[in-house]
Amino acid sequence: MSDDIRRNMALFPIGIVMRLTDLTARQIRYYEQHGLIVPARTSGNQRLFSFNDVERLLEIKALIEKGVNIAGIKQVLLPINKDSEDATVLNEQSEMKRRELTDSQLHKLLKRQLLHERRPGQVSLIQGELSRFFH
DNA sequence: ATTCTTACA
DNA sequence: TGTAAGTA
């Protein structure tokens with residue numbers, strides 16, 4: 001899929017990303033400091049963001065709005081898992097015949113729950129406490 | 001006019 | 001996080 005290069009093309013400066021994400025420059029730079037995003041730089045040291053960067057920032061924003069702190073976001077966003085490869089390995093893992101979840105699957109599940117679902121009464125497992133669910 | 005880094009509220 | 005200062 002050569003569409004990835006397009007999504008990773010450094011295109012827009014921070015000003016545009018601010019409007020696209022409704023985040024302040026302060027926040028965007030802060031998330032970068034914590035390794036949540038790694039925008040490219042121009043020869044003049046100016047940041048250039050890609051579509052992937054913007055999408056990632058939107059995910060970060062969603063998590064922040066749900067009360068997740070930087071530490072928690074790192075655990076949910078940093079693991080750049082390869083589920084496709086994971087699926088293949090799963091069929092060969094005779095040891096875990098039972099419906100146990102692979103780490104990446106569990107991670108994917110939690111990420112989805114954290115990014116979307118949110119029923120009233122369901123207390124969120126956020127503010128770093130999320131770390132207790134990862135090994 | 002925009003963005004960048006640093007630093008303090 | 002906001003914002004002021006001094007640059008590039």
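Conventions we followed
Residues numbered from 1 in each chain as written. Chains lettered and ligands numbered in written order. Predicted model: local features only at pLDDT ≥ 70, side-chain atom pairs only at ≥ 80, totals over all residues. Heavy atoms only, no water. Core = buried A, V, L, I, M, F, W, Y, C linked by side-chain atoms within 4.5 Å. Buried < 20%, exposed > 50% of the residue type's maximum accessible area, 1.4 Å probe, protein only. Helix = DSSP H or I, 4+ residues; strand = E, 2+ residues; numbered from the N terminus. Contact = heavy atoms within 4.5 Å. Near = heavy atom within 4 Å. Polar contact = N/O pair within 3.5 Å; in protein donor to acceptor, adjacent residues only side chain to side chain. Axes fitted to C-alpha atoms, helices over the stretch in contact; angles between N-to-C directions. Parallel < 35°, antiparallel > 145°, perpendicular 65-115°, else oblique. Nonpolar A, V, L, I, M, F, W, Y, C, P; charged D, E, K, R; others polar. Expected span 1.5 Å × (residues − 1). Salt bridge = Lys/Arg side-chain N within 4 Å of Asp/Glu carboxyl O.

Going by the annotation in an unreviewed UniProt entry, the name recorded for chain A is MerR family transcriptional regulator, with Paenibacillus thermoaerophilus given as the source organism.

## A few points about the nonpolar core
Counting residues in hydrophobic clusters, the biggest one holds 21 residues, and the most contacted among them are I28, F49, L57, I60 and L63. Counting only elements with at least two residues in this core, the list comes to α2 (14-21), α3 (25-33), α4 (51-65), α5 (70-77) and α7 (103-115). Not counting residues within four places of it along the chain, the set of residues in contact with L63 comprises V68, I73, V76, L77, L114 and L115.

## As for the protein's contact with DNA strand B
Around DNA strand B, a shell composed of P13, I14, G15, R29, R41, N45, Q46 and R47 is seen. Among the atoms of DNA strand B close to the protein, meaning within 4 Å, 88% are from sugar or phosphate groups. Taking R29, its side chain carries an N or O atom lying 2.7 Å from a phosphate oxygen of DNA strand B. Within the side chain of N45, a nitrogen or oxygen atom sits 3.3 Å from a sugar or linking oxygen of DNA strand B.

## Looking at the packing of α4 against α7
Where α4 meets α7, the axes come as close as 9 Å, and the angle between the chain directions of the two elements is 70°. With respect to α7, the element α4 is oriented roughly perpendicular. Contacts between α4 and α7 pair E59, A62 and L63 from the former with K111, L114 and L115 from the latter. Classifying every residue of the contact of α4 with α7 gives 4 nonpolar, no polar and 2 charged.

## As for the environment of N8
By the secondary structure assignment, N8 is in the loop between α1 (4-7) and α2. In this structure N8 comes out as partly exposed when scored by relative accessible area, which is 47%. As a C-alpha pair, N8 and S43 span 35 residues in sequence and 18 Å in three-dimensional space. Once you skip the residues sitting within four places of it in the chain, N8 turns out to touch S50 and N52.

## Quick notes on α4
With 15 residues, α4 should reach 21 Å at 1.5 Å per residue; the first-to-last C-alpha distance of 21 Å fits that figure. Along α4, the positions that sit buried rather than exposed are D53, V54, L57, I60, K61 and L63. Tucked into the core, α4 has its buried residues touching α2, α3, β2 (47-48), α5 and α7. Two residues or fewer after α4 comes G67, characterised by a positive phi angle close to 90°.

## Focus on the pattern of salt bridges
Opposite charge on two side chains allows them to pair when their charged atoms are near. If you walk through the whole model with that rule in mind, you get 5 salt bridges. Two residues, E59 and K111, come together in a salt bridge whose shortest N-O distance is 3.6 Å. With E59 in helix α4 and K111 in helix α7, this residue pair connects regions lying 52 residues apart in the sequence. Judged by relative accessible area, E59 falls into the partly exposed class, the value being 24%. Of the residues examined, K111 reaches a relative accessible area of 25% and is grouped as partly exposed. Among the ionic contacts, a cluster of salt bridges with common partners joins D3, R7 and E55.

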